[in-house]
Amino acid sequence: STSQDCWRPALHFTAERFWINDPNGLVFAGGQWHLFFQHNPQGNTWGHMSWGHAVSDDLLHWRHLPLAIPEDESHMAFSGSVVIDDRGSSGLGADGQAPFVAIYTACAQQPVRHQAQHLAFSSDGGVRWTQYAGNPVLDIGAQDFRDPKVFWHESSGRWVMVVVLPHERKASFYASPDLRHWSHLSDFGPAGGVEGIWECPDLISVPVQGQPGRRAWVLKVDAFEGHPTGGSGAQVFVGDFDGSRFRATQPARWVDHGSDFYAAICWAHVPAEDGRAVWLGWMNNHRYAAATPTQAWCGAMSIPRRLSVRDDAGALVLCQEPVAELATARRERWQCGPFALGAGGVDEVVRLGAGDVLDLEIAWRPGTATEFGLLLRCGGQEATRVGWDAERRALFVDRSLSGLGPDDPVYRLPQYAPLAPQADGRVVWRVLLDRCSVELFADGGAVVLTNLIFPSPESLELRAFVRGGSAELLSLECWALEA
Ligand code: FRU
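Residues numbered from 1 in each chain as written. Predicted model: local features only at pLDDT ≥ 70, side-chain atom pairs only at ≥ 80, totals over all residues.

The protein chain carries the name Fructan beta-fructosidase in an unreviewed UniProt entry, which gives Roseateles saccharophilus as its organism. Recorded under Sequence similarities (unreviewed entry), the UniProt text for the protein chain is reproduced unchanged: "Belongs to the glycosyl hydrolase 32 family." (UniProt positions renumbered as here; feature names shortened; annotations may be inferred.)

**Student:** Just to check I follow, could you spell out the overall build of the protein chain for this structure?
**Tutor:** Counting its regular elements, the protein chain contains 1 helix and 35 strands. The C-alpha radius of gyration computed for the protein chain amounts to 22 Å, which stays within 12% of the reference 23 Å derived for 483 residues, consistent with globular compactness. Judged by the C-alpha coordinates and their principal axes, the protein chain covers about 75 × 55 × 40 Å. By sequence separation, contacts in the protein chain at least 24 residues apart represent 62% of the contacts at least 6 residues apart. (Helix = DSSP H or I, 4+ residues; strand = E, 2+ residues; numbered from the N terminus. Rg over C-alpha atoms; globule rule 2.2 N^0.38 Å. Contact = placed C-beta atoms within 7 Å.)

**Student:** Is there a simple way to think about the domain arrangement of the protein chain in this case?
**Tutor:** A common way to report how large an interface is uses the accessible area buried once the components associate. Each assigned domain of the protein chain is listed with its residue range as follows: domain 1 (18-322) and domain 2 (330-481). Taking only C-alpha atoms, the centre of domain 1 and the centre of domain 2 are 32 Å apart. The partner domain 2 presents 25 residues to the 25 residues of domain 1 that form the contact. Among the elements that take part in the side of domain 1 that touches domain 2, strand S22 (residues 315-322) stands out by supplying 5 residues, more than any other. Here the side of domain 1 that touches domain 2 is built from residues that sort into 10 nonpolar, 10 polar and 5 charged. (Domains from an automatic or database assignment. Nonpolar A, V, L, I, M, F, W, Y, C, P; charged D, E, K, R; others polar.)

**Student:** Help me understand the sheet that holds strand S10 (residues 158-165), please; the structure alone is not making it clear to me.
**Tutor:** What holds strands together in a sheet is hydrogen bonding between their backbones, with the strands either parallel or antiparallel. Across the sheet, 4 strands lie side by side as S9-S10-S11-S12; this open sheet has antiparallel pairing. At either margin of the open sheet sits one strand with a lone partner, and together these are strand S9 (146-153) and strand S12 (183-188). Each adjacent strand pair in this sheet contributes to an overall mean axis angle of 25°, direction not counted. As paired strands, S10 and strand S11 (residues 170-176) are joined by 7 bridges and run antiparallel to one another. Counted as the bridge partner of Trp159 is Ser176 from S11. (Pairing = 2+ DSSP bridges. Axes fitted to C-alpha atoms, helices over the stretch in contact; angles between N-to-C directions.)

**Student:** Would you mind showing me how to read the UniProt feature "domain: Glycosyl hydrolase family 32 N-terminal" (unreviewed entry) in the protein chain here?
**Tutor:** As annotated by UniProt and renumbered to match this structure, "domain: Glycosyl hydrolase family 32 N-terminal" (unreviewed entry) occupies residues 12-317. Taken end to end, residues 12-317 comprises 0% helix and 49% strand; its first and last C-alpha atoms sit 26 Å apart.

**Student:** Explanation requested: the site of the ligand in the structure shown.
**Tutor:** Surrounding the ligand, one finds Asn21, Asp22, Gln38, Met49, Phe78, Ser79, Thr105, Arg146, Asp147, Glu199, Cys200 and Ala263. Elements that contribute at least two residues to the shell around the ligand include exactly strand S1 (18-29), strand S5 (75-84), S9 and strand S13 (198-207). Classifying every residue of the shell around the ligand gives 4 nonpolar, 4 polar and 4 charged. (Near = placed C-beta within 6 Å.)

**Student:** What exactly am I supposed to notice about the pairing of strand S31 (residues 427-434) here?
**Tutor:** Regular strands place side chains that alternate from one sheet face to the opposite one. Extensive coverage of S31 is indicated by the burial of 6 of its 8 residues. Sheet analysis places strand S26 (residues 358-366) next to S31, joined by 7 bridges and oriented antiparallel. Residue pairing across strands places Trp364 opposite Val427, the latter belonging to S31. Here S31 runs beside strand S32 (residues 437-442); their pairing, made up of 6 bridges, is antiparallel. If you follow Leu433 over to S32, its bridge partner there is Val438. In textbook terms, the turn of a hairpin is the stretch between consecutive antiparallel strands, and for S31 and S32 this stretch comprises 2 residues. (Buried ≥ 20, exposed ≤ 12 C-beta atoms within 10 Å, placed from the backbone.)

**Student:** In this structure, what is going on with the UniProt feature "domain: Glycosyl hydrolase family 32 C-terminal" (unreviewed entry) in the protein chain? I would like to understand it.
**Tutor:** Mapped onto this structure's residue numbering, the UniProt feature "domain: Glycosyl hydrolase family 32 C-terminal" (unreviewed entry) falls at residues 355-479. With 3% helix and 57% strand, the stretch residues 355-479 has end C-alpha atoms that lie 9 Å from each other.

**Student:** Any chance you could explain the environment of Arg287 here in plain terms?
**Tutor:** If you trace the backbone, Arg287 turns up in the loop between strand S19 (277-282) and strand S20 (297-298). Put simply, Arg287 and Ser232 are 55 residues apart on the chain and 6.7 Å apart in space, counted from C-alpha to C-alpha. What Arg287 contacts, discounting residues up to four positions off in sequence, is Gly230, Gly231, Ser232, Asp408 and Val410.

**Student:** Could you clarify how one ought to interpret the confidence of the model for the protein chain in this entry?
**Tutor:** The predicted coordinates ought not to be read in detail in places where the model reports low pLDDT. Per-residue pLDDT for the protein chain averages 97, and the proportion of residues at 70 or more is 99%. The ipTM for the predicted assembly is 0.98, set against a pTM of 0.98. (pLDDT = per-residue confidence, 0-100.)

**Student:** Would you mind showing me how to read the sheet that holds strand S28 (residues 382-389) here?
**Tutor:** Spatially, the 6 strands line up as an open sheet ordered S25-S34-S27-S28-S29-S30, and their pairing is antiparallel. With partners counted over all chains shown, the strands left at the sheet margins are strand S25 (348-354) and strand S30 (415-418), one partner each. Neighbouring strand axes in the sheet, compared pairwise and without regard to direction, differ in orientation by 20° on average. Taken together, the 6 bridges between S25 and strand S34 (residues 461-467) define a ladder with antiparallel strand orientation. Bridge assignment links Glu348 to a residue of S34, and that residue is Val466.

**Student:** So what exactly am I meant to see when it comes to the nonpolar core here?
**Tutor:** A general tendency of soluble globular proteins is for nonpolar side chains to be buried together. The biggest cluster of nonpolar side chains holds 140 residues, and the ones touching the most others in it are Val101, Ala102, Val218, Leu219, Leu395, Val431 and Leu440. At 7 residues, the largest contribution of residues to this core is made by strand S6 (residues 100-108). Domain assignment of the residues forming this core places at least three in each of domain 1 (18-322) and domain 2 (330-481). Not counting the four nearest positions on each side in its chain, Ala102 is found in contact with Gly25, Ile69, Gly80, Val82, Leu119, Ala120 and Trp129. (Core = buried A, V, L, I, M, F, W, Y, C linked by C-beta atoms within 7 Å.)

The following block contains the structure:
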């Protein structure tokens with residue numbers, strides 16, 4: 001197959017060729033959104049880990065740039081972050097320019113596995129990088145110690161790093177005045193999901209909905225195993241951070257009820273006028289990533305999502321919505337409803353339209369049906385079912401007939417996310433469909449399911465279904481997205 005095979009997404013990031021995993025060093029600078037990422041520049045499987053690089057003006061269209069940080073003779077360049085040192089604290093800037101500073105995990109395999117944090121810097125906007133002569137900047141002699149996320153902590157006036165001790169299920173905090181010298185502050189964990197090793201932490205200051213100026217601290221940590229759908233997934237702790245120590249004030253929650261959202265980090269240096277917390281994740285699962293069927297490239301990022309926290313009577317709930325920029329990719333729009341389905345007590349399927357790159361919102365009034373919803377990418381025996389299960393009161397995604405996929409039973413299992421009808425009785429969700437993915441958003445973004453799919457290119461129909469009784473499709477509003 002070619003590099004333009006049928007699953008190459010229209011609006012989700014992929015490498016020009018070959019394997020990607022985690023987003024790295026997300027940073028906004030010079031009016032552009034930079035995306036660095038774990039990349040194998042030599043093949044379509046994990047290995048030779050290096051930092052790839054792309055930039056975007058709108059978080060939707062990406063321009064590929066040369067490999068930023070390659071592996072060297074003795075180390076692979078694992079995950080990490082980038083900051084803009086606009087205070088000159090590192091002394092690494094040239095000509096009074098604020099340098100890009102990357103801090104990432106250098107992983108050596110010989111003579112034994114060893115991970116330490118290295119620094120590289122760039123004076124040309126992240127294109128060419130120089131290794132800092134004093135590397136490593138943080139080495140505790142550990143085999144596993146990785147994925148540093150660095151940010152400027154305003155009230156203590158210093159840089160803070162959160163990094164993981166994967167096997168101990170701990171997030172470790174460090175502080176630095178200059179990005180070169182780091183001192184240990186505290187550890188958080190084990191807590192929450194501890195079945196799998198911990199990876200890719202981020203400590204995020206997230207705006208609270210409806211309360212201008214109020215923000216909440218959210219610590220995100222990924223777990224390599226133990227996600228409810230099987231395999232790897234992201235969890236969050238909402239809590240307090242005093243500049244030295246993170247304390248969870250609520251139990252851990254899984255970020256996504258689907259299988260394919262991992263290693264997300266937020267963009268650094270988003271201008272104050274913008275004020276958003278925006279992240280994206282690797283749209284995949286460590287359990288089966290290597291067995292996905294694409295040939296010339298492997299791995300895509302999720303759509304960038306704006307984060308907010310909703311205060312549900314004291315319980316702070318993380319919400320994710322596709323960034324508003326996505327609306328600029330909307331093209332033809334169609335609409336239908338209201339109409340009743342399954343009124344005669346007979347299971348019913350109706351055609352609504354067709355397309356492989358769609359953004360839609362659908363609202364239902366439940367009746368007696370046990371299930372109702374949408375069949376995405378239908379054709380022949382294929383369909384990806386997304387719907388509402390009345391008995392469970394849950395949104396679900398079912399990939400059992402969604403086309404090709406890794407040979408892993410977990411991939412075919414239905415996934416459920418609790419979702420009550422709204423106060424007005426309606427059940428509402430949004431679908432963002434691209435050529436190899438379905439992202440579902442409901443309850444203001446508090447309920448999200450992210451999943452890969454690999455349907456046949458001929459399976460293009462969009463249908464509605466009801467089972468076991470009646471339901472009313474109140475409205476469907478659908479946009480074909482620029483593709
Ligand atoms: C997470 C991860 C990180 C590591 C990187 C290596 O997917 O395992 O912990 O830095 O990938 O590619």
